[in-house]
Each structure stands twice: as C-alpha cells, then as structure tokens.
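Commentary on secondary and tertiary structure
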Amino acid sequence: MKACTMHQKIHDFIATDVSSFMDTCLPLHLAHRFSINSGVTLEGPSRSSDILSLLDSLPGSDQWQLLKVLDLEGCTGLKNKHLKNICKILLLKYLSLRNTGVTQLPKKIEKLQCLETLDIRQTKIRAFATKSFFLPMLKHLLAGNKGSPSRSNNNSHGFEESPATVELPSGTRRMEMLEILSHVDASNNVNDLIDIGQLLQLRKLGVILDGKKAGSLALLFKQIEELHGCLLTLSIQINHPATSEGTVPETDKLATLSYTGTELTFNTEEFHHLKSLVVDSCDITNIDFVNIGAAPKLEMIIWSFASNIETLSLSGIDHLPKLKKLELNGDGDMAAMRRIRDAHPNCPVFKHNSSHQREEAGTD
C-alpha cells in the first residue's frame, strides 16, 4: 500500500500532537513506527528542526533502537551526519530518505541487516560507500531522479535527457531477495549486469545504460532471459551522448540488435505473467501461440501492421484462456481474423481500425 486517506479526526489528532507517537505507553505495533511525510501539516514552524533534534537524540533512547519503520521523505534539512544515528537502529526494515538533503550513504548502512526497503529517490546519492554493497534482507531498492531535459553545448538541434541515479553496485547477486531494483545506472560497470540474471525474485527492473556501449544492451538482454519466470516490469533507458553536428551517434549501432523477422512465436511455458501484447511493426505478418501454456494470462492483443500486407496469420489464440480483446490496426481482409475470433470460447471483443481511420484519429 503506497497511500491511504485517513479519517479527519485521526488527521487532527496527529497534526495536533506528533510527540504522542514517541510515547512509550503506546501499543508496540504503533510505538515502533515513526513517519514524517510532507502530506501531513504539523503545527509550528520548526517541524524540520524538531525532526533533526529527534534524530540527534537517538543514542540516548532504548526505544528508538526498536524502531522498524522510518519515513523521512521531504525532510530537506536531513544531512549525511544524521545517518550515523539511523545506522544504529538495527531492527529497521523500512527507511525512506526520499527528497532529502542526503548526498551519500555511510559505510555503516550495511549494519541494517534487517532492512527490506531503501528509498533514496530524489536525492543526490550517486554511489554506495562500498563497491560491493550488501544488505541480505533487502527486497526493494528505489532510486533515481526524473531526468530533466537540458540543451547540449555540442548539439544545438535538440535536447538530451540527463538521468541521475545511483550506480549499480557490485555483488548484487548476493541480495537474493531483491524484488524491485529501479533505477540503477550501469554505465560505468557493465559487467555487473551479469549479477542481475541471478536475482530470481526480481519483479521490477529499471536500468540506465550508456549509449556509447552497445554491448551493454546485449548483455542485459541475456540476463533478462534468465528472469522470464519472475520479471513483471522492465524499464531500459539509454543515455544518449551529445554529438557534434554531422557525426553519427554510436547509439545507432543498437539497431543491429533489433528484431528483423516477420514472425513472433510463443512457445509452451513462456511468458507466464504477460497480460497485454502490443505489436507495432510493419514487418510482422505472423503471430503464433504454439501450444497450450504459452502466455496463459494474456488478456489483450493489439497488432498494428502495414497497409500493404496481403496475408496475416494469427494462430493458436484458442490456447489463450484469458483473452478478452483483439484489436487490429491496418488494412487487409479481416474475414479470416473474425472467424478466428468467433471460434474462441470467450468470444473476445474485436476491433479493427483501418489506416484511414487511424489517420483521422491522429488529426483530431
């Protein structure tokens, strides 16, 4: 759960006296959680300084050592020095430093052996204190700033994206419980991508690559093949380097990795979690779900193709028990496609948009 709406009376209580949450008389399941979020307005102008004072007082309190959840999102006054005391909360499971003034994590962060979630988004943290970063219980590593377009000095014709996030640490494979790794920068340590293929619990992956190193994308693809049974979300961002006018960016070499065939084949026991398939290619003329068990949870197929294709082939959709929608975009004889759809036991919704209809929709 990422957010919820609290009852007004509860909100008023929290906003009136936040110090009551430090009361050791509270039930243990409440006393061990302390959240400061910019969405709750607390009374008094010194809110940030009060929080920092509390952090400074940690060593003198036995109760603080029992804390399990610490959310400091939006506390812009938080600095690197305050993390020294936080690293003494050995039972901590959740730590959010999002949108704070922290620029570096201390080496002692690895003492938090129970930590499951580390959120360092919207911070200036670009590397871990040790080359081989290891938290054995870590499940969610959330990092990265949204890149802001900035005009390149060498390229007067446009803008380049400037992503900023933490570097991918070495030895990631040792954190076997990782479920979310997003986003990490593998521009300078391409070989560490090999570790990602060993994270068999990984559900969400976000990686930033250097456009000058075309081989890194191929290496990443190999690791993704190892994760086909668990990965649900994948984001790959290519950091395009600035080039002088008249030169060809080395990222054009990535075109050699593009699929140039005309057929997509889904075999048995592949893509267990796939729910939506969008094919936007003028070259694909045949999509085949070979046998029962291929993409068993697929609910929607959207296929866009060139207007001059005479023959289209879509076979094996009767093996898709969850299929609810089939949408085709382009010109061609749809009679065969309608028969395939009519033969499906679910009788999925069928939609066809001709090239003319798509052009009109694009001009609205």
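Residues numbered from 1 in each chain as written. Predicted model: local features only at pLDDT ≥ 70, side-chain atom pairs only at ≥ 80, totals over all residues. Heavy atoms only, no water.

The protein is annotated in an unreviewed UniProt entry as Disease resistance R13L4/SHOC-2-like LRR domain-containing protein from Oryza sativa subsp. indica.

1. What about the side chain of Asn-286?
To keep things clear, this is the line we draw: Helix numbering and strand numbering both begin at the N terminus, where a helix is a DSSP run of H or I of at least 4 residues and a strand a DSSP run of E of at least 2. Distance and chemistry together define a polar contact, namely a pair of N or O atoms within 3.5 Å, with one atom able to donate a hydrogen and the other to accept it when in protein, and with adjacent residues in sequence counting only for side-chain atoms on both sides. Whether two residues are in contact is decided by their heavy atoms: any pair within 4.5 Å suffices.
Looking at the element boundaries, Asn-286 is found in strand E14 (residues 286–289). Within polar-contact distance, the side chain of Asn-286 engages the side chain of Ser-313 at 3.0 Å. In contact with Asn-286, other than residues within four places in its own chain, are Thr-262, Glu-263, Leu-264, Trp-303 and Ser-313.

2. Here we look at the confidence of the model for the protein
Which entries qualify depends on this criterion: Confidence scores per residue from the predictor, reported as pLDDT, run from 0 to 100.
Looking at the protein, the pLDDT average stands at 77 and 74% of residues meet or exceed 70. Within the model, pLDDT remains below 50 along residues 19–32, and this stretch shows 16 contacts once partners closer than five positions in the same chain are excluded.

3. Comments concerning the sheet that holds E14
Rules: Each pair of strands is called paired provided DSSP finds at least two bridges between the two strands. Axis definition: a line fitted to C-alpha atoms, limited for helices to the stretch in contact. Angles are taken between N-to-C directions and run from 0 to 180 degrees.
Spatial ordering of the open sheet is given by E12-E14-E16, a layout of three strands whose pairing is parallel. This sheet does not close on itself; its edge strands, each paired only once, are strand E12 (263–266) and strand E16 (313–315). With direction set aside, neighbouring strand axes in the sheet form an average angle of 5°.

4. As for the environment of Ile-109
Looking at where Ile-109 falls in the secondary structure, it is placed in the loop between strand E3 (94–96) and strand E4 (117–119). With 20 residues separating them in the primary sequence, Ile-109 and Ile-89 have C-alpha atoms 10.0 Å apart. If sequence neighbours within four positions are ignored, Ile-109 has contacts with Cys-87, Leu-95, Phe-133 and Leu-135.

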